[in-house]
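One-letter residues, chain by chain:
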Amino acid sequence: QATRFRLYHAEAGDPRLREATRLVMTPQWTWQQHAPHGQWQVHAGLHAVLTDQVGREDEAVVPWLTVKRHWWWQVMPSHRSNAWSWFVEPSLMFHVAPNVHQDQLPLLDTYAPDLDMLSMLDDRRFLGFDRYGDAEDVTLAWTNHWQAPGTSSSILTWQLARRATLKSHRVCLTPTCS
């Protein structure tokens, strides 16, 4: 993906940020294996960014690996046509990406997502393409679905998730973060 940016208001008077071209390449490999009551997923890849800002080229290449295990069970099966069904789905995710210095790249459209269930189970710490966050994280999630009689869609869903950071993050979006 190649993008050309024209920035009319440079932050903090930095003239380098007025114009930039960014090339992003994200090749990845995915493997899935169905297991009893669930599946395994392994994703590995590279996040490569090359920018050209007023004649200055910078690049960063970040390798990453994500391993996910999902389970699902039907706790209250609906053998009768008028009974509710209850499904539980625990998930476990391990994500690792080493710290690669990316401060030399311009910050064009990357931002931190809101903390919600989608971001808890996503392996990327930032949305956008300018930064790929370093990580050594483990996430455990628990999802419940209730289905009404005669339907295949969820009527009520609730989720809990907890992410544990095994190593402090060093890639940031602001120059003052630690």
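This section reports on the structure supplied with the text. (Residues numbered from 1 in each chain as written. Predicted model: local features only at pLDDT ≥ 70, side-chain atom pairs only at ≥ 80, totals over all residues. Heavy atoms only, no water.)

Some details on the packing of aromatic side chains
- The tally for this structure, following the rule as stated, stands at two aromatic pairs.
- On the numbers, 6.2 Å between centres and 20° between planes, the contact of Trp64 with Tyr132 is stacked. Here Trp64, found in strand β5 (residues 56–71), pairs with Tyr132, found in the loop between α1 (117–120) and β8 (135–147); they are 68 residues apart in sequence, far enough to count as distant.
- Relative accessible area serves as the criterion here: at 10%, Trp64 is assigned to the buried category.
- Centre to centre, the rings of Trp86 and Trp146 are 5.3 Å apart; their planes meet at 0°, and the pair counts as stacked. Residue Trp86 is located in strand β7 (residues 85–97), and its partner Trp146 is located in strand β8; the two are separated by 60 residues in the primary sequence.
- For Trp86, a relative accessible area of 24% translates into the label partly exposed. (Phe/Tyr/Trp six-rings, centres within 6.5 Å; stacked < 30°, edge-to-face > 60°. Helix = DSSP H or I, 4+ residues; strand = E, 2+ residues; numbered from the N terminus. Buried < 20%, exposed > 50% of the residue type's maximum accessible area, 1.4 Å probe, protein only.)

Observations regarding the pattern of salt bridges
- Applying the stated criterion across every chain yields a total of one salt bridge.
- The salt bridge partner of Asp134 is Arg125, with a shortest N-O separation of 2.9 Å. Just as Asp134 is buried, Arg125 falls in that class too. (Salt bridge = Lys/Arg side-chain N within 4 Å of Asp/Glu carboxyl O.)

Quick look at the nonpolar core
- One finds Val24, Val49, Ala60, Val62, Trp64, Ala97, Val100, Leu105 and Tyr132 forming the largest nonpolar core, which totals nine residues.
- Looking at this core element by element, the count peaks at three residues for β5.
- Those residues in contact with Trp64, other than ones at most four positions away along the chain, are Gln28, His43, Ala44, Gly45, Leu46, His47, His95, Val96, Ala97, Asp123 and Tyr132. (Core = buried A, V, L, I, M, F, W, Y, C linked by side-chain atoms within 4.5 Å. Contact = heavy atoms within 4.5 Å.)

Looking at the environment of His101
- Among the structural elements, His101 can be located in the loop between β7 and α1.
- Take His101: its relative accessible area is 54%, and that puts it in the exposed class.
- His101 sits 39 residues away from Val62 along the chain, and the two C-alpha atoms are 9.3 Å apart.

Some points on unusual backbone geometry
- In this model, His37 sits at a positive phi of 60°, which is unusual for a non-glycine residue.
- Mapped onto the elements, His37 comes out in the loop between β3 (28–35) and β4 (38–53).

Structural notes on the environment of Asp134
- Position of Asp134 relative to the elements: it lies in the loop between α1 and β8.
- Owing to a relative accessible area of 4%, Asp134 belongs among the buried residues under this scheme.
- Separated by 34 residues in sequence, Asp134 and Val100 have C-alpha atoms that sit 7.4 Å apart.
- In contact with Asp134, not counting residues within four places along its chain, are Ala97, Pro98, Asn99, Arg125, Ser168, His169, Arg170 and Val171.
- Here the side chain of Asp134 touches Arg170 through a polar contact of 2.8 Å, landing on its backbone nitrogen. (Polar contact = N/O pair within 3.5 Å; in protein donor to acceptor, adjacent residues only side chain to side chain.)

Examining empty space enclosed by the protein
- Overall, the coordinates contain one cavity of 30 Å³ or more when judged by the stated rule.
- By volume, the largest cavity is sized at about 50 Å³.
- Along the walls of the largest cavity sit Met93, His95, Asp122, Asp123, Arg124, Arg125, Ala135, Asp137, Thr139 and Arg163, which together make up its complete lining.
- Of all the secondary-structure elements, those providing two or more residues to the lining of the largest cavity are β7 and β8.
- Per-element tally for the lining of the largest cavity: the top contributor is β8, with three residues.
- The class makeup of the residues in the lining of the largest cavity is two nonpolar, two polar and six charged. (1 Å grid on protein atoms, 1.4 Å probe; cavity = no way out; pocket = protein on both sides within 12 Å on 5 of 7 lines; lining within 4 Å. Points joined across faces, edges and corners; volume = space filled by probe spheres on them. Nonpolar A, V, L, I, M, F, W, Y, C, P; charged D, E, K, R; others polar.)

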